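Descriptive analysis of the structure
One letter stands for each residue in the lines below.
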Amino acid sequence: MSNLIKFKIDNKECMAEKGTYIVDAARENGIYIPTLCNMPGVKPKGSCRVCTVKINGRLMTSCTTPVADGMEIESSAAEIQDIRKSIIELIFVSGNHFCPSCEKSGSCELQALGYLYQMMVPRFPYDFPLRKVDASSPKIIKDQNRCIQCKRCIKTIKDEQGRSLFAFRNRGHRIEVVLDKELGLMMTEEMADLAMKNCPVGSILKKEKGFDIAIGRRKYDHEPIGSTIKL
Amino acid sequence: MSKPVLATTSLAGCFGCHMSILDIDERILQLIELVEFNKSPVDDIKTFTKPVDIGIIEGGCCNSENVEVLRSFRKNCRILISLGECAIMGGLPALRNGIPIEECLHEAYIGGPTVQLNKSHILPNDDELPMLLDRVYPCHEIVKIDYFLPGCPPRADLIWEALVALITGDPMKLPYEVIKFD
Ligand code: SF4
Ligand code: SF4
Ligand code: FES
């Protein structure tokens, strides 16, 4: 089609339809750019910065930037990898991530990125913030210790009228994503399943559901995140 | 050339990391060819008797004794390794971080649902007991740590690869599966 444009990622010739976001265009060309807040099919928000790439010497988020004809994108340079790693580390220290006791462990996207970048220890001091667990909903447990405020639940869990069941509360460093008290009561079984699935971390847990996948068979036990994309 | 000297200790940990050291299975025979053990629960040597090359720390610091032992390891060991989640980030003991110490003690010894026999409501207060710290500290917040091996427990293969690489100077082979946080 005439809408196809050419661009380069790490000097590799790529092609994609005009207007495609860089992460998606990269994926179509067999190149994995890590993401965390982004979800295929959902309008990008560019909040986590994990998908940072360099274009014309400038750092940009590849989930919010469309490819342009002749664009030259740097993604795998050591400097960019280290920026991504430092963002992952920041997210780890600014919450309370006790992976050994987390239900999502092994299938968590944040943890999987920690593995991908071989995070042995974050370079930043642990914050140990005081966060609450809200178990008042009949369907889910919302663990604020692990929420990375990616908004994926807000964007994808809605009632028939399009109202989000999850919402932001407070501002600044006290900001949190909570289940709306009233709308939350209308959460169906399916919505709860989807919310748990769409949350990249272990912040939304379905009630009355235990660890049901054996260690060794979980999503990222053997295959690094992104390995299904790479050619 | 004399063999490198190894020391290990468990601070606020569960001994799971030490179990994982034993999980190297028959390679333990190779290990005793490669290194000489000094202060460690493995050989039950209680005090440092010579300068140590590699010190392995399991567990973070939850009380004054942990801090003292960790500092003595730093003083006596050329290289220190934080082994496992508790040493690296406090681990499960650090779940108490953020909860005031009085509340923790009250829950554990007076008000908790499983407390039955403490009729006189005594909190442990013997002079012999180490003082609890206000929170659990990762080891690298107390002394300088040279290397970190994550996992709960760290995989035996990770421990083995890291030790062999340190001792022989060969590069480490780290397959994807050996770096895990659980
Ligand atoms: S949410 Fe992910 S990173 Fe956080 S504790 Fe759970 S498994 Fe670990
Ligand atoms: S609960 Fe999960 S999906 Fe929602 S904002 Fe937090 S991390 Fe993102
Ligand atoms: S994935 Fe692009 S900013 Fe989060």
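1. Observations regarding the overall build of chain A
Looking only at helices and strands, one finds 6 helices and 10 strands in chain A. Relative to its length of 231 residues, chain A is compact, with a C-alpha radius of gyration of 19 Å against a globular reference of 17 Å. Along the first, second and third principal axes, the C-alpha set of chain A runs to 55 × 45 × 40 Å. Taking all 231 residues of chain A together, 51% fall into the buried category. Once local pairs closer than 6 in sequence are excluded, the contacts in chain A between residues at least 24 apart make up 61%. Accessible surface computed for chain A: about 11,900 Å², of which carbon and sulfur atoms make up 51%. Taken as two groups, the 36 positive and 28 negative side-chain charges of chain A have centres that lie 3 Å from each other.

2. Section: the overall build of chain B
Scanning chain B from terminus to terminus reveals 6 helices and 7 strands. Counting from the amino terminus, chain B carries its helices and strands in the arrangement β-α-α-β-β-β-α-β-α-α-β-β-α. In chain B, buried positions account for 46% of the 182 residues. Summing over all exposed atoms, chain B offers an accessible surface of approximately 9,600 Å²; the carbon and sulfur share of this is 57%. Each charge sign in chain B was given a centre, from 16 positive and 26 negative side chains, and these centres are 4 Å apart.

3. Let's talk about the pattern of salt bridges
A full pass over the atoms with the stated rule returns 23 salt bridges over all chains. With its nearest N and O atoms 3.3 Å apart, the salt bridge here joins Arg27(A) to Asp24(A). Linking Arg27(A) with Asp24(A), this pair stays in helix H1 (residues 22-28), spanning 3 residues, or about one helical turn. Salt-bridge contacts for Asp182(B) lead to Arg218(A); the nearest nitrogen and oxygen are separated by 2.8 Å. Taken together, the residues Asp182(B) in the segment after helix H6 (156-168) and Arg218(A) in the segment after strand S10 (204-206) connect one chain to another.

4. Regarding the pairing of strand S2 (residues 12-17) of chain A
Inspection of the sheet shows strand S1 (residues 4-9) of chain A paired to S2(A) by 6 bridges, in the antiparallel sense. If you follow Lys8(A) over to S2(A), its bridge partner there is Glu13(A).

5. Here's the deal with the site of ligand 2
Near ligand 2 you find 14 residues, and of these Cys147(A), Cys150(A), Lys151(A), Cys153(A) and Cys199(A) are the closest. Split by residue class, the shell around ligand 2 holds 9 nonpolar, 2 polar and 3 charged.

6. With respect to the sheet that holds strand S7 (residues 147-149) of chain B
All names here are of chain B. Taken together, the 5 strands give an open sheet; going across it, the order is S2-S1-S3-S5-S7, and neighbouring strands pair in parallel fashion. Strands at the two margins of the open sheet, each flanked by one partner only, are strand S2 (36-37) and S7. Along the sheet face, helix H3 (residues 64-76) touches strand S1 (5-10), strand S3 (52-58) and strand S5 (77-83) and points at about 135° away from the line of S5.

7. Details of the domain arrangement of chain A
All names here are of chain A. If you check the domain split of chain A, you get domain 1 (4-74) and domain 2 (87-206). The centre of domain 1, based on its C-alpha atoms, is set 25 Å off from the matching centre of domain 2. At the junction of the two partners, domain 1 supplies 14 residues and domain 2 supplies 17 residues. Per-residue buried area on domain 1 facing domain 2 is highest for Leu36, Met39 and Lys45; these three make up 49% of the total on that side. Our enumeration of links across domain 1 and domain 2 arrives at 2 residue pairs in polar contact (both at pLDDT 80 or more).

8. Structural notes on the site of ligand 1
In the vicinity of ligand 1, the contacting residues are Phe92(A), His97(A), Phe98(A), Cys99(A), Cys102(A), Ser105(A), Cys108(A), Leu110(A), Gln111(A), Arg146(A), Val201(A) and Gly202(A). Among the residues making up the shell around ligand 1, the classes are represented as 7 nonpolar, 4 polar and 1 charged.

9. Looking at the confidence of the model for chain B
Mean pLDDT over chain B stands at 95; residues scoring 70 or higher make up 99%. Scoring the predicted complex yields pTM 0.95 and, for the interface, ipTM 0.93.

10. Quick word on the packing of aromatic side chains
For the coordinates displayed, the defined rule picks out 5 aromatic pairs over all chains. Considering the side-chain rings of Tyr115(A) and Tyr176(B), the 6.3 Å spacing of their centres and the 80° angle between planes classify their relative orientation as edge-to-face. One end of the pair, Tyr115(A), is in helix H3 (residues 109-116); the other, Tyr176(B), is in the segment after H6, on a second chain. Residue class for Tyr115(A) comes out buried when judged on its relative accessible area of 4%. Relative accessible area serves as the criterion here: at 17%, Tyr176(B) is assigned to the buried category.

11. Section: the pairing of S1(A)
Side-chain positions along a regular strand alternate between the two faces of the sheet. Residues and elements named next belong to chain A. Only one face of S1 is covered, namely the face carrying Ile5, Phe7 and Ile9; the face carrying Leu4, Lys6 and Lys8 is uncovered. In sequence, S1 turns back onto S2 through a hairpin of 2 residues, with aspartate 10 there showing a positive phi of about 45°. Summarising the sheet, S1 and strand S5 (residues 72-74) pair through 2 bridges and their orientation is parallel. Bridge assignment links lysine 8 to a residue of S5, and that residue is glutamate 72.

12. So, the environment of Ile204(A)
All names here are of chain A. Mapping isoleucine 204 onto the fold places it in strand S10. The exposure class of isoleucine 204 is buried, given its relative accessible area of 1%. Considering only alpha carbons, one finds isoleucine 204 and aspartate 193, 11 residues apart in sequence, at a separation of 9.5 Å. If near-sequence neighbours (up to four positions away) are discounted, isoleucine 204 is found in contact with Ile140, Ile141, Lys142, Cys153, Phe166, Ala195, Met196 and Cys199.

13. Considerations on the sheet that holds strand S4 (residues 58-61) of chain A
Sheets are built from strands paired through backbone hydrogen bonds, the pairs being either parallel or antiparallel. All names here are of chain A. If you trace the 5 strands from one edge of the open sheet to the other, you get S2-S1-S5-S3-S4, paired in mixed fashion. On the outer flanks of this sheet lie S2 and S4, each paired with one strand and no other. Adjacent strand axes in the sheet meet at a mean angle of 40° when their direction is disregarded. Of the strand pairs in this sheet, strand S3 (residues 52-55) and S5 are connected by 2 bridges, and their pairing is antiparallel. Pairing of lysine 54 across the sheet is with glutamate 74, part of S5. On top of the sheet, helix H2 (residues 78-94) reaches S3, S4 and S5; it is set at about 150° to S3, its chief contact.

Here is what the cut-offs are and how they apply
- Residues numbered from 1 in each chain as written.
- Chains lettered and ligands numbered in written order.
- Predicted model: local features only at pLDDT ≥ 70, side-chain atom pairs only at ≥ 80, totals over all residues.
- Heavy atoms only, no water.
- Helix = DSSP H or I, 4+ residues; strand = E, 2+ residues; numbered from the N terminus.
- Rg over C-alpha atoms; globule rule 2.2 N^0.38 Å.
- Buried < 20%, exposed > 50% of the residue type's maximum accessible area, 1.4 Å probe, protein only.
- Contact = heavy atoms within 4.5 Å.
- Areas by Shrake-Rupley, 256 points an atom, 1.4 Å probe, with all protein chains shown as cover.
- Lys, Arg positive; Asp, Glu negative; His and termini not counted.
- Charge placed at Lys NZ, Arg CZ, Asp CG, Glu CD.
- Salt bridge = Lys/Arg side-chain N within 4 Å of Asp/Glu carboxyl O.
- Pairing = 2+ DSSP bridges.
- Near = heavy atom within 4 Å.
- Nonpolar A, V, L, I, M, F, W, Y, C, P; charged D, E, K, R; others polar.
- Axes fitted to C-alpha atoms, helices over the stretch in contact; angles between N-to-C directions.
- Domains from an automatic or database assignment.
- Buried area = accessible area lost by both parts, 1.4 Å probe.
- Polar contact = N/O pair within 3.5 Å; in protein donor to acceptor, adjacent residues only side chain to side chain.
- pLDDT = per-residue confidence, 0-100.
- Phe/Tyr/Trp six-rings, centres within 6.5 Å; stacked < 30°, edge-to-face > 60°.

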